[in-house]
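What follows is each chain in one-letter form.
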Amino acid sequence: KYFELGRFKDLKTAKAATEKLSIIKERYWGIVYSPLDEATFKPDVVLIITEPVGGMKLAQTIVYSSGDKVRPNFAGIQSLCGDALANPFITGGVNFTLGCDGSRNAADIKDNEMTIGISGEKLEEVKQAEINKKNIKKSMADLLKMLHPKDFEYIVDLIFQYSGWKKLTPGA
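Reading the values: rules and limits
Residues numbered from 1 in each chain as written. Predicted model: local features only at pLDDT ≥ 70, side-chain atom pairs only at ≥ 80, totals over all residues. Heavy atoms only, no water. Helix = DSSP H or I, 4+ residues; strand = E, 2+ residues; numbered from the N terminus. Expected span 1.5 Å × (residues − 1). Axes fitted to C-alpha atoms, helices over the stretch in contact; angles between N-to-C directions. Parallel < 35°, antiparallel > 145°, perpendicular 65-115°, else oblique. Contact = heavy atoms within 4.5 Å. Nonpolar A, V, L, I, M, F, W, Y, C, P; charged D, E, K, R; others polar.

Caption draft 1: How the structure looks around helix α6 (residues 149–162). In this model, α6 (14 residues) spans 20 Å end to end at C-alpha, consistent with the 20 Å of a helix rising 1.5 Å per residue. Positive backbone phi, at 100°, marks Gly 164, one or two positions downstream of α6.

Caption draft 2: Structural detail: the packing of helix α2 (residues 52–66) against helix α5 (residues 120–146). It is at 9 Å that the axes of α2 and α5 come closest, and there the two elements cross at 90°. Judged by the angle between their axes, α2 and α5 are roughly perpendicular. Every residue of α5 that contacts α2 at Lys 57, Leu 58, Gln 60, Thr 61, Ile 62, Tyr 64 and Ser 65 is listed here: Glu 125, Val 126, Ala 129, Glu 130, Asn 132, Lys 133 and Ile 136. Residue composition of the contact of α2 with α5, by class: six nonpolar, four polar and four charged.

Caption draft 3: Representation of the environment of Gly 92 in the model. Along the polypeptide, Gly 92 turns up in the loop between α3 (79–91) and β2 (94–97). Linking Gly 92 and Glu 124, residues 32 residues apart in sequence, is a C-alpha distance of 12 Å. Once you skip the residues sitting within four places of it in the chain, Gly 92 turns out to touch Asn 87, Ser 119, Glu 121 and Lys 122.

Treat this as a map of the structure, not an account of what it does.
Right under this line is the structure:
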């Protein structure tokens, strides 16, 4: 199908790419979907459609929790169905995709948006990491408010020194 649409240089390339698409092998009778905060069921996969900055923040949340890099897996075809839904369902993980022509048309995904699929297995871990990050930021902000200006200056100096910068002003 994709070869006939002119998406690949030849049939061999089309076959190689389509064999790597995420496809759920089991058969299901249907699909149920809902906004997450209204769901009355445990989701198998949660879809997030966001601007890249939202994707960046979610990636940072995942890295915060696991220490692993986010490694998106997509081909620009079957992006919503395969990459954002089937891939997390099969792997039990998270996948980021930029979308495809079909998903941008059918699901009205805008040019400035991307899609992220999170498996139900990973959802609580991602939510807890986000809560932990917010708590740390609030605690740090509270601590910084208690600092004397000279203490704050000392901390900034330490950060720059650790990064390899040298202070050239008097008192260095």
